[in-house]
Amino acid sequence: MRSLVEQYQRITTQWSLTQAERRSLLGSPSLERWSYLVHDPMRRPTSTEAARILAVLRIDTALQKSAKHLARPAHWLSSLQISQPFGGCTPLALMVRGPEGLAVVADFLETK
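Notes on the structure in this doc start here.

Criteria and cut-off values
- Residues numbered from 1 in each chain as written.
- Predicted model: local features only at pLDDT ≥ 70, side-chain atom pairs only at ≥ 80, totals over all residues.
- Heavy atoms only, no water.
- Helix = DSSP H or I, 4+ residues; strand = E, 2+ residues; numbered from the N terminus.
- Rg over C-alpha atoms; globule rule 2.2 N^0.38 Å.
- Buried < 20%, exposed > 50% of the residue type's maximum accessible area, 1.4 Å probe, protein only.
- Contact = heavy atoms within 4.5 Å.
- Areas by Shrake-Rupley, 256 points an atom, 1.4 Å probe, with all protein chains shown as cover.
- Lys, Arg positive; Asp, Glu negative; His and termini not counted.
- Charge placed at Lys NZ, Arg CZ, Asp CG, Glu CD.
- Phe/Tyr/Trp six-rings, centres within 6.5 Å; stacked < 30°, edge-to-face > 60°.
- Salt bridge = Lys/Arg side-chain N within 4 Å of Asp/Glu carboxyl O.

1. Quick notes on the overall build of the protein
Okay, so step 1: When you go through the protein residue by residue, the secondary structure sums to 7 helices and 0 strands.
Okay, so step 2: When the helices and strands of the protein are read in sequence order from the N terminus, they spell out α-α-α-α-α-α-α.
Okay, so step 3: Scaling as 2.2 N^0.38, a compact globule of 112 residues should have a C-alpha radius of gyration of about 13 Å, and the protein matches this with 14 Å.
Okay, so step 4: Along the first, second and third principal axes, the C-alpha atoms of the protein reach 40 × 25 × 20 Å.
Okay, so step 5: Counting across all 112 residues of the protein, residues that qualify as buried make up 42%.
Okay, so step 6: Counted over contacts in the protein with a minimum sequence separation of 6, partners at least 24 positions apart contribute 47%.
Okay, so step 7: Put simply, the protein shows about 6,500 Å² of open surface, and 55% of that area lies on carbon and sulfur atoms.
Okay, so step 8: In the protein, 14 side chains carry a positive charge and 9 a negative one; their mean positions are 5 Å apart.

Right under this line is the structure:
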C-alpha cells in the first residue's frame with residue numbers, strides 16, 4: 001500500500017498542482033520539511049498534515065465519482081465557481097484555506 005505522502009503526490013500530480021499549491025494544501029510546510037516528506041520514505045506526516053492528506057483523498061474520491069458531471073475534474077479545481085459555497089473563487093482557493101475549506105469542497109462534491 002502506498003504511503004499517504006505517495007498517494008498525495010500522485011493525486012496532486014493528476015490535478016496538475018504546482019509545488020507551492022501542494023505545500024499550501026498541507027498547511028505550507030517549509031521547503032526543508034517538504035523535501036523530507038517527498039524524498040524520505042521514513043519521514044511521516046504530522047497529524048495535521050495527515051488530516052489534510054486524508055481530506056485530499058476524500059476530495060479525489062468524490063471527484064472521481066463526480067467525473068461524469070464534471071467535464072475535466074482537474075480543470076474544475078482551478079476554475080472560478082459562482083455557485084455556493086464557492087462565491088466566485090476556485091475550489092482550490094477554498095481548499096488551501098485549511099481543513100474547513102477542504103471539508104466544504106468534499107461535502108459539495110459528495111452531494112453532486
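2. Side note on the environment of Gln14
Okay, so step 1: Along the chain, the position of Gln14 falls in helix α1 (residues 4–14).
Okay, so step 2: Through-space distance from the C-alpha of Gln14 to that of Ala74 is 7.1 Å; in sequence the pair is 60 residues apart.
Okay, so step 3: Here Gln14 is in contact with Asp60 and Ala74, once residues within four sequence places are set aside.

3. Quick notes on the packing of aromatic side chains
Okay, so step 1: Enumeration over the complete set of coordinates arrives at 3 aromatic pairs.
Okay, so step 2: Residues Trp76 and Phe86 carry aromatic rings whose centres are separated by 5.7 Å and whose planes lie at 85 degrees to one another, so their mutual orientation is edge-to-face. Separated by 10 residues along the polypeptide, Trp76 in helix α5 (residues 73–77) and Phe86 in the loop between α5 and α6 (91–95) bring together distant segments of the chain.
Okay, so step 3: A residue is classified by how much of its surface remains accessible, and Phe86, at 3% relative accessible area, is buried.
Okay, so step 4: Taken together, a centroid distance of 6.1 Å and an interplanar angle of 5 degrees make the contact between Trp76 and Phe108 stacked. In this pair, Trp76 is assigned in helix α5 and Phe108 in helix α7 (residues 99–110), connecting sequence segments 32 residues apart.
Okay, so step 5: Feature note: the residues Trp76, Phe86 and Phe108 constitute an aromatic cluster, connected by ring pairs.

4. Digging into the pattern of salt bridges
Okay, so step 1: Using the criterion set out here, one finds 3 salt bridges in the structure.
Okay, so step 2: Between Glu49 and Arg33 there is a salt bridge, and its shortest N-O distance comes to 2.7 Å. Residue Glu49 is found in helix α4 (residues 47–66), and its partner Arg33 is found in helix α3 (residues 31–39); the two are separated by 16 residues along the sequence.
Okay, so step 3: The class for Glu49 is buried, based on a relative accessible area of 6%.
Okay, so step 4: Given a relative accessible area of 17%, Arg33 falls into the buried group.
Okay, so step 5: With its nearest N and O atoms 2.4 Å apart, the salt bridge here joins Asp107 to Arg58. Of this pair, Asp107 sits in helix α7 while Arg58 is found in helix α4, placing the two residues 49 residues apart along the sequence.
Okay, so step 6: If you follow the salt bridges from partner to partner, you end up with Arg58, Asp107 and Glu110 in one network.

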